[in-house]
Structures are given as C-alpha cells and as structure tokens.
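# Understanding the architecture of this molecule
So the chains spell out like this:
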Amino acid sequence: MKIVFKFFISILVIFLIVITYLSIFGIETDRFNGQIENKIKNIDNKTEIKLDKIKLVLDPFKFKIKLKTLGPKLKNQNVIIEIESLKTQVSLKALFENKFSIENLEISTNSLEIKNFISFIRTFQNSTELFILEKIIKKGFLIADIKLKFDSEGKIKDNIEVKGFIKDTKLGFLKKYNFKKLNFIFEYKNKDLYLNDISFSLNNLNLLSEYISFKKIEDDFLVNGVINHNKLNIDEKNFSLFIKPYFPKINFEKLKFSSNNSFSLRLSKKLQINDLAIDSKILIEEFLIINKFDFKNFFPDLKKHINFSDHDVSIKYSKDNLIIDGKGDFLFQDKKDELKYSINRKNNNFDFKNLLKINKNPLKIDLLNYKKNNESEASILLEGSKNNKDDIFIKSFLISEEKNRIKVINLKLNKSFKILKLGSVNLDYIDVEKQKNQITLSSKKKKYYLEGSFFNANKLIDDLLFDDNKTKLLNIDTNLKVDIKKIRLDNENNLSNFTGNITFKNKEVVKANLVGKFSDNKKLKFTINSNGN
C-alpha cells in the first residue's frame, strides 16, 4: 500500500509540476499552426497567414489553453500586414473531443500604413464606417489591437473591437479643407468610433480636440466633438473660408484668437453634412478690419482701421441660425472704447443689439448742434434688425451722456440709408451753445408732429429747408405739423409759438406754411408752394 500511495503521490506531484510549468512558462509548438491557418481561411479564403512556432500557456481555472505567436504575417490580395503578436484561446474540452474551436482572436500590429490596414479589415467586415474611413484617409500610420470573436460555427461576430493610435495622417474630407498632421487615440466598438487626444493641422492652423465620436444612426453617422486651440493667427485665405461666408462685407486684415468649441453634425454616406451645430467660446486678442464707413461727421477722429481687442465672444450656430454675443475693447478713434454686442442671423435676416461706451473720444451731431464733452462718458445703444432686402429697422437708438438724451424709436431705412419710416425722436440735451433743447418728433396716422418747449434752431431750419443732401435723406411723402413754444434763432433773436405745416413729396419740401412771433412781438410768416417737380 505504501508503494501504491507513494506512486500516486509522485504522479500527483509530477502532474502539479507539469500544470504549474504549463501555466507559468508554457511550451512552444507548431502543432496548431495548421488549425489556425485553416481558421483564417474560413474567415476569408483569400487571406493567408504565415506563422512561426506558437507558445501554449495553460489556464487551468478556465479549462483553456492560451495560444500566442510573435511576428506572424497576414497576406490578402498581395497586401501584407506585419503583425507583432497573435493571441487566441482553445477549449481543452474541444481538444479532448478532437475539435479545434477558437472563441476569439487578438491581433496586435506593428506600425502599419492606415489605408492598407483598413483594406485588410474590410475583408473581414465590409462596413460603411470602414468604407468612409478608407475614402477620407490619404496617408498615415497606425498601431492597433484587434479583437475578433467567433460564434459556435466559427464565424466572426459583429462586435469587432479595435483600439490603437494614429500618427501623421492626412485626410481628404472636403476640397476646401486641408487636414494633415493628424494624431489621435481611437476605439472602434459596436460599429461606433471614438477618437481622443486629437491634434491636427487644418489649413495650417494647429488645433486640439479632446474627443470626436461617430455613432451610426440608420444610414447616417452622428458626429460629436470638442475642438480647442490656443492663439491662432488667421490669414486672409482662411478668413475667407471660415468667416467670410457669414459676414461677406467685412474687409479683413488681421485676426488673433483662441477658442473652445463643441460641435455636432449628421454625416451621410456621400459625406454630405447636415444638422450642423456649433457652440464656441472665443477670446479675441486682436481683430483688425478696414473701416469703410464714412462716419467722420459723428466721430471726428475716425481711423482707417477698426480694431477689436480682448473680446470675449460666444457663438452658437444651428439650422442656419447664427447667434453671436460678445464684449471687449473697441478702437476706432484715438483712444479705446468699450463695445458690447449681440447678433442673431437667420435666413439672411439679422437682429442686433449693440452698446458702445465712448470714454475720452469725441462724438458730435452737427444737425442738432450737439457735441460730447471729451472728458465725460457717453453711451450709444442701437437695437434693430436687417432683412434680406437690406432694409434696416431701428427699434431703438439712444445716446446718453450725463443728463443728455437723444432717442430714436422705430426708424426704417433702405440700403442707401434713406428714411422710409420714423416712429419718434426725443431730444433732451444741452448743445454746444449751452442751450437746453427739449423737443419731440412723432408720427400718428401717417402724419408727423414736431413739438417741444425749446429748440436751438441755428442749423436745423437751414438743413431741412435749403440743404438738398439733408432733405433727400427723407424718403417719406408726409405732412409735418410743427408746434414749438420757443425757438432760438441766434444770439439776439428768438421765436415763440412757432407753428405750422411742412409737406414732403418725392424727397423734397413742396409746401410749407410756418408762423411765429419774435421777442419784439413782430410776426414771422414763412411760405413755400411748389408742384414738387
């Protein structure tokens, strides 16, 4: 009995030693080469694999054998893929039953050309995602880990997994956009593609992205991502490509900025972009444009260039709706002012609301004999809209300086800045001659009313009645009723109870009948009669 017992103990020890050795160190053999080669043939009969010896390691707890080989080569239609390693598992039960059954296959590649790799993968699963990738990728290299799972019949399941990273890649996505120097980590799983830690050059602009995901929805792909960048210098070509389509009338010279951007879009099989949505936070260091506005009559120190600096800007775009909100320094005269703005563009219609704070710069309105004190602060609020016919509707225009107020409500202009309609004008200000003006121009039932307690008319009467350039700003056929308690004509003469009517037709004054009383009780009567030709 002792001999038998020792025999069984010896057998058990030897068995444990063998199990331990096989579990830790394993053995090398070429016994399974033929079976693996046949399995690859079953996947695709055009694919061949060249194997060296395979290392077997026992997994006694799962009752499986792990197989690993180094340096195999896959060949398909004269395309050779060099593999770093190949791993799989074989059930011990299947081996005992003289069946060779592979449940999965793990492939780790060397550095490969991306197009060759995608072409090879498509021999296993010719999905639309891989087709799109093969079309848009022009060059680049990758290292990947591929996991294939097999069903009971030895066919590959749909849940292919690929992980790896891509380096120095060039994309041919859209003709106008040059993608190159693309680097990222990727994961392909359940027919979805995830990209992380992305860096690339877009039209020579170096950009970064935390992630971009491609998820299959019906026949399209839903793309989501985040793109960030530090200071970029935009040249004229890129400005025309990225910004000019939204603001075609801007004459660009220089743009330096940084931004954080999130986006989403729907991508069709034909690479058509739909449902584009963008949400951007931008810090503009400098944005220089050519000033083509002739506003020297209002801003005497107007420069040839307009410079936006240190601007915080929010941009949102969705379904042809563009919303821009921002604020920062604004240099268009000798010293910096402050500008706050909101722009909403939809279907070529614009809504806008802007606030300009003028610090130590001049502002004047000759027509009203108004001039800002250079040492005081003034603000200009402008709120309105612009339609696709270039008609401009000013909902509110307000100049505020200390106690001075100049306000215009519901003003409509054509593209030549001619007045088509006017709601009201309220003037309450001290002019350059230290006179307190209080007057209102309003409209009621297609007629206009000029009323007030006092107005310094040194310039206004001449401008309205005798200056063609001023009267032709009015593109309104209407009747103006005047009722002003007191009008200052010059240093020595005033008019009281100045009343009457003025008729405008075809941008001209065709009829006027005005009366008033001088300070010496003499009467003034002013009459115009014209046929308007």
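### Regarding the overall build of the protein
Summing up its helical and strand segments, the protein has eight helices and 32 strands in all. Evaluated residue by residue, the protein yields a buried proportion of 40% over its 533 residues. Long-range contacts, defined here as pairs at least 24 residues apart, represent 47% of the contacts in the protein between residues at least 6 apart. Accessible area for the protein stands at about 31500 Å²; split by element, carbon and sulfur atoms hold 52% of it.

### Some points on the environment of N104
For N104, the location among the structural elements is in strand β7 (residues 102–109). Once you skip the residues sitting within four places of it in the chain, N104 turns out to touch K87, T88, Q89, L148, K149 and F150.

### Topic: the packing of aromatic side chains
If you walk through the whole model with that rule in mind, you get nine aromatic pairs. Pairing F308 with F330 gives two aromatic rings, centres 5.2 Å apart and planes at 55°, and the pair type is tilted. On the criterion of sequence distance, the pair formed by F308 in strand β17 (residues 305–318) and F330 in strand β18 (residues 321–331) is long-range, its members being 22 residues apart. Each member of the pair, F308 as well as F330, is classed as buried. Between Y370 and Y429, the ring centres sit 5.9 Å apart and the planes meet at 90°, which makes this aromatic pair edge-to-face. In this pair, Y370 is assigned in strand β22 (residues 370–371) and Y429 in strand β26 (residues 419–430), connecting sequence segments 59 residues apart. Like Y370, the residue Y429 is buried in the burial classification. Taken together, the aromatic side chains of F287, F299, F308, F330 and F332 make up a single cluster linked through ring pairs.

### Thoughts on a nonpolar patch on the surface
Nonpolar side chains collect at one region of the surface, where I9, L12, V13, L16 and I17 lie side by side and expose about 430 Å² of accessible area between them. Within the secondary structure, L12 is located in helix α1 (residues 2–24). According to the relative accessible area criterion, L12 is partly exposed, its value standing at 45%.

### Comments concerning the pairing of strand β24 (residues 392–401)
It is a general feature of regular strands that their side chains alternate between the two faces of the sheet. Direction of pairing for strand β23 (residues 378–386) relative to β24: antiparallel, over a ladder of nine bridges. Bridge pairing in β24 places S379 opposite S400. Both β24 and strand β25 (residues 404–413) contribute to a ladder of nine bridges, which runs antiparallel. By the bridge assignment for β25, I392 is matched with L413. In this structure, the hairpin formed by β24 and β25 is closed by a connection of two residues, where E402 is found at a positive phi of approximately 50°.

### A look at the layout of surface pockets
Considering only enclosed or pocket space, the second largest pocket measures out at about 260 Å³ in volume. Taken together, Y370, K371, N373, E401, E402, K403, N404, I430, D431, V432, K434 and K436 make up the full set of residues lining the second largest pocket. Per-class residue counts for the lining of the second largest pocket are three nonpolar, two polar and seven charged.

### Some remarks on the pairing of strand β9 (residues 137–149)
Direction of pairing for β7 relative to β9: antiparallel, over a ladder of five bridges. Paired with N104 across the strands is K149, a residue of β9. Examined bridge by bridge, strand β8 (residues 112–113) and β9 share two bridges and lie antiparallel to one another. Along β9, the bridge assignment pairs E113 with F141.

Criteria and thresholds
- Residues numbered from 1 in each chain as written.
- Predicted model: local features only at pLDDT ≥ 70, side-chain atom pairs only at ≥ 80, totals over all residues.
- Heavy atoms only, no water.
- Helix = DSSP H or I, 4+ residues; strand = E, 2+ residues; numbered from the N terminus.
- Buried < 20%, exposed > 50% of the residue type's maximum accessible area, 1.4 Å probe, protein only.
- Contact = heavy atoms within 4.5 Å.
- Areas by Shrake-Rupley, 256 points an atom, 1.4 Å probe, with all protein chains shown as cover.
- Phe/Tyr/Trp six-rings, centres within 6.5 Å; stacked < 30°, edge-to-face > 60°.
- Patch = residues over 30% accessible without salt bridge, like charges linked within 9 Å, V, L, I, M, F, W, Y side chains within 5 Å.
- Salt bridge = Lys/Arg side-chain N within 4 Å of Asp/Glu carboxyl O.
- Pairing = 2+ DSSP bridges.
- 1 Å grid on protein atoms, 1.4 Å probe; cavity = no way out; pocket = protein on both sides within 12 Å on 5 of 7 lines; lining within 4 Å.
- Points joined across faces, edges and corners; volume = space filled by probe spheres on them.
- Nonpolar A, V, L, I, M, F, W, Y, C, P; charged D, E, K, R; others polar.

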